[in-house]
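Residue strings, one per chain:
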Amino acid sequence: VEIGGDTTKLGKALEEVNKKTRDLSSELGDINRLLKMDPGNTDLLAQKQKVLADAVANTAKKLDTLKEAEKQVQAQFERGEASAEQVRALQREIIATEKKLSGYEKAVKETAEAMEQLGDKSVPDKGRVAFCSYRFANFLKQDPAFIKNGDGSQELLKKGGFYHGLYHSQFH
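In short, a report on the structure.

About the thresholds
Here, residues in each chain are numbered from 1, in the same order as that chain's written sequence. At least 70 in pLDDT is required for a residue's local features to be given in this predicted model, at least 80 for side-chain atom pairs to be given and counted, and no such filter applies to totals for whole chains, interfaces and linings, which use all residues. Water and hydrogen atoms were dropped before computing side-chain values, which therefore reflect all heavy atoms in the structure. Side-chain atoms within 4.5 Å link the members of a nonpolar core, which is a set of buried Ala, Val, Leu, Ile, Met, Phe, Trp, Tyr and Cys residues. The rule is simple: take the accessible area with a 1.4 Å probe, protein chains only, and divide by the maximum for that residue type; under 20% is buried, over 50% is exposed, in between is partly exposed. Numbering of helices and strands runs from the N terminus, with a helix taken as a DSSP run of H or I at least four residues long and a strand as a DSSP run of E at least two residues long. Residues count as neighbours in contact if any of their non-hydrogen atoms are within 4.5 Å of one another. Here, a salt bridge means any side-chain nitrogen of Lys or Arg that lies within 4 Å of a carboxyl oxygen of Asp or Glu. A helix's residues, less one, multiplied by 1.5 Å, set its expected span. Here a polar contact means two N or O atoms within 3.5 Å. Within protein one must be a hydrogen donor candidate and the other an acceptor candidate, and residues neighboring in sequence count only if both atoms are side-chain atoms. By the counting scheme adopted, Arg and Lys are positive, Glu and Asp are negative, and His together with the chain ends is not counted.

**Details of the nonpolar core**
Logical step 1: Residues L52, L90 and Y104 are the most contacted members of the largest nonpolar core, which totals 26 residues.
Logical step 2: Sorting the residues of this core by element identifies helix 1 (8–37), helix 2 (42–78) and helix 3 (84–122) as the ones contributing at least two each.
Logical step 3: When residues in this core are grouped by element, the largest group, ten residues, is from helix 2.
Logical step 4: Those residues in contact with Y104 that lie beyond four places of it in its chain are T21, S25, L28, L52, A55, V56 and T59.

**A short note on the pattern of salt bridges**
Logical step 1: Within the structure shown, the criterion is met by ten salt bridges.
Logical step 2: The residue E93 makes a salt bridge to K62 at a minimum N-O spacing of 3.1 Å. Separated by 31 residues along the polypeptide, E93 in helix 3 and K62 in helix 2 bring together distant segments of the chain.
Logical step 3: By relative accessible area, which is 32% here, E93 ends up partly exposed.
Logical step 4: Owing to a relative accessible area of 14%, K62 belongs among the buried residues under this scheme.

**Focus on helix 2**
Logical step 1: With 37 residues, helix 2 ought to run about 54 Å at 1.5 Å a step, and its terminal C-alpha atoms sit 53 Å apart, in line with that.
Logical step 2: Residue N41 occupies the N-cap position of helix 2, its side-chain oxygen lying 2.9 Å from the main-chain nitrogen of D43.
Logical step 3: Backbone geometry just after helix 2 places G80 at a positive phi near 80°.

**What to know about the side chain of K48**
Logical step 1: Assignment of secondary structure puts K48 in helix 2.
Logical step 2: Buried charged residue K48 carries no salt bridge. Nearest counter-charge: E110, at 6.3 Å.
Logical step 3: Side-chain polar atoms of K48 contact the side chain of N32, separated by 3.0 Å.
Logical step 4: Apart from residues lying up to four places away in sequence, K48 is in contact with L28, I31, N32, L35 and T111.

Right, dumping it as structure tokens:
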């Protein structure tokens, strides 16, 4: 992300990520509304896990972009080409994005726990449900730096897709 004297390139770099974030948030809102009416719907819970995994990867990508921009803005600030306000604004955006990422990670864990509880109540072979939901939640928290640094976005999606697919192959 090259910024120069203005933030046009940063804006363009974040435009795609922000659009995907809005789309995912909208889809997640739709799923959550339906889950309020039918909290035991395993298809909706599986969709929620998939959307949350996408949101984690997308937010990690945004965080990477912001951190790269921060390095460049800091260097420009030291050369007198950027203002202290620009540096602080970018730092606030990074903090907000980290908070959002943390929220998505928490939601993934809570959704997996809901799947596990549902497995305890309604599925004859609850061990398979517990295994799938446990693995889905735990692959996120095994190495938080892996996610927060953004190094694992593709691997994260592969694992998320694997556990999502494993769940569906067992129960659908």
